[in-house]
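# Remarks on the overall topology
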Amino acid sequence: MRERLMYLLAAAAAFLLTWNLYKIFFVLPITANVAAYQIVYFHVPAAFTALSGFFVALGASGLYLATGKFKYDEFAAAVTEVALAFATVNLITGSIWARYAWGIWWTWDARLTSMLTCWLIYAGYMILRRSIEEPTQRARLSAVLSILGCVDVGFVYKSIEWFRTQHPSPVLSIRDGGGMGPGMEAPIYWNFLGLACLSAILIIVRMRQEETAREIDSLRRMAHSY
Amino acid sequence: MGFVRQALTIAAKDLRSELRTKEAINASLAFSLVILVLFSFAFDPGNSEVNIQAVSGGLLWLVFSFAGALSLNRSFARELQNDCLDALIASPAPTGAVFTGKALANYALLMAVEIVSLGIFSVLYDVKVKEYFWPILLVMLLTTWAITVIGTLFSALTVNLRMREVMLPILTYPLLVPPLMAAIVLTTDLLGGTPLAKDTIWVRVLVAFDVVFSWLAVVFIDIVLVG
């Protein structure tokens, strides 16, 4: 059942992403005034995927704390890891685009800083998981961190916006859009769907890994107790 | 015994044992002094073109948060000896009261270190704090509570981990970005002569952060310590 779902999702993701690539490069008009703007079709959906992943992880962590069922913990861990990967994609594609458009790799703009802080919070989550061996303790503590982190992301997001609006600096606005016509927004949403399918596959694979790891761990404990 | 009295008893116990050994307070004071000296190499304080006011908020809060991490690390770790932590959890006081008491003790210690460092800072870098001392104190009171709540909660969370000393700053600094940013903006503006009334949005960020995370900490401390 799970296998079939994975193949289905893989087919959907492959179709959507190829179709979008075709549309982005051959159908949509090329805007000459913004360099390498096509990257935005992956940059923005990656951010959507990452942020929705963090919210899903918040829900899963809450469910784990409420029920104590390990499957929610495994799900939260898998989702956070995949979301963190997409946050990395978002940061790197943004950086590449910034190099072309602004001539610099990085600028301390509100949006960039908030994404980086968000990335750091969830990187801490991954490090925390690595450093605890006992499964119940790991699940419990990382669930708490996931919930606190998600609340904090809200604060980070709002406060950094205020920070930069109060202190205007000569950096370019990240939301200049670069001549994003009304017909050109659709591929962003289609790509988001494609990436969402892809992350679903990754999450399923990752969860299976977690399950196997836990099974091996309990077998090892059993073997040691004899 | 009510919640408040239990919390105060724990706070008094922590403060008493700290004042007898002066372990954390000496370490964090010495540490902040060292950092304050090191900062003078980052820019030239004697150069009249360098505007120290513009960076003073950032400098001060970096010192305060480093000193905070140092003393907060010890907060729950010192209870590991002789299984004191288990005794605290088993005691009739609820974990919320244990947390509040420890947070209050840490708060008092950190505030003391911060006020001394602020004095040293103003002498070493010739920054006038007298005029805006009370507003700066308000900012310190609000932000230090944010540092203390997050720090004490994560001190409990990381107490049994292998790399405790490293884990606490790795986990807490990203979470502390909003209050630290607010504090840096407010302190820099105050030292530059802008009254607090112009930056009320940042004071509100601090108050909101304090309220939300104090509540979350008291809710989650039982899960963290007991499970």
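One can find the structure itself at the top, above this paragraph.
Throughout, a residue's number is its position along its own chain's written sequence, starting from 1. Ligands are numbered from 1 and chains lettered from A, in the order in which they are written. Confidence filtering applies because this is a predicted model: local features only for residues at pLDDT of at least 70, side-chain atom pairs given and counted only at 80 or more, and all residues used for totals across whole chains, interfaces and linings.

## Some words on the overall build of chain A
A count of helical and extended segments in chain A gives six helices and zero strands. Helix and strand labels come from DSSP, where a helix needs a run of H or I of at least four residues and a strand needs a run of E of at least two; each type is numbered from the N terminus. Moving toward the C terminus, one meets the helices and strands of chain A in the order α-α-α-α-α-α. With C-beta atoms placed from the backbone, the exposure class of a residue follows from how many other C-beta atoms lie within 10 Å of its own: 20 or more, buried; 12 or fewer, exposed; in between, partly exposed. A buried classification covers 35% of the 226 residues belonging to chain A.

## Quick look at the interface of chain B and chain A
With 23 residues of chain B in contact, the opposing surface of chain A contributes 23 residues. Broken down by element, the side of chain B that touches chain A gets its largest block of residues, eight residues, from helix α9 (residues 200-225) of chain B. Amino acids are sorted into nonpolar (Ala, Val, Leu, Ile, Met, Phe, Trp, Tyr, Cys and Pro), charged (Asp, Glu, Lys and Arg) and polar (every other residue, Gly among them). By residue class, the composition of the side of chain B that touches chain A is 21 nonpolar, one polar and one charged. Two residues qualify as being in contact provided that their C-beta atoms, derived from the backbone, are within 7 Å of each other.

## Re the packing of helix α4 (residues 110-131) of chain A against helix α7 (residues 164-175) of chain B
Helix-helix packing: each pair is described by the crossing angle between the helix axes and the interaxial distance. Inter-axis angles, ranging from 0 to 180 degrees, are taken between N-to-C directions of lines fitted to C-alpha atoms, where helices are fitted over the stretch in contact. Relative to each other, α4(A) and α7(B) sit at 155°, their axes nearing to 8 Å. Relative to α7(B), the element α4(A) lies roughly antiparallel. When you trace α4(A) past α7(B), the crossing you get is left-handed. Where α4(A) abuts α7(B), its residues A:Thr117, A:Leu120, A:Ile121, A:Gly124, A:Ile127, A:Leu128 and A:Ser131 lie against B:Met167, B:Ile170, B:Leu171, B:Pro174 and B:Leu175. Grouping the constituent residues of the contact of α4(A) with α7(B) by class yields nine nonpolar, three polar and no charged. The labels follow the angle: roughly parallel below 35 degrees, roughly antiparallel above 145, roughly perpendicular from 65 to 115, and oblique for the rest. Each crossing is labelled by how the near helix is turned from the far one, with a counterclockwise turn of less than a right angle marking it left-handed and a clockwise turn marking it right-handed.

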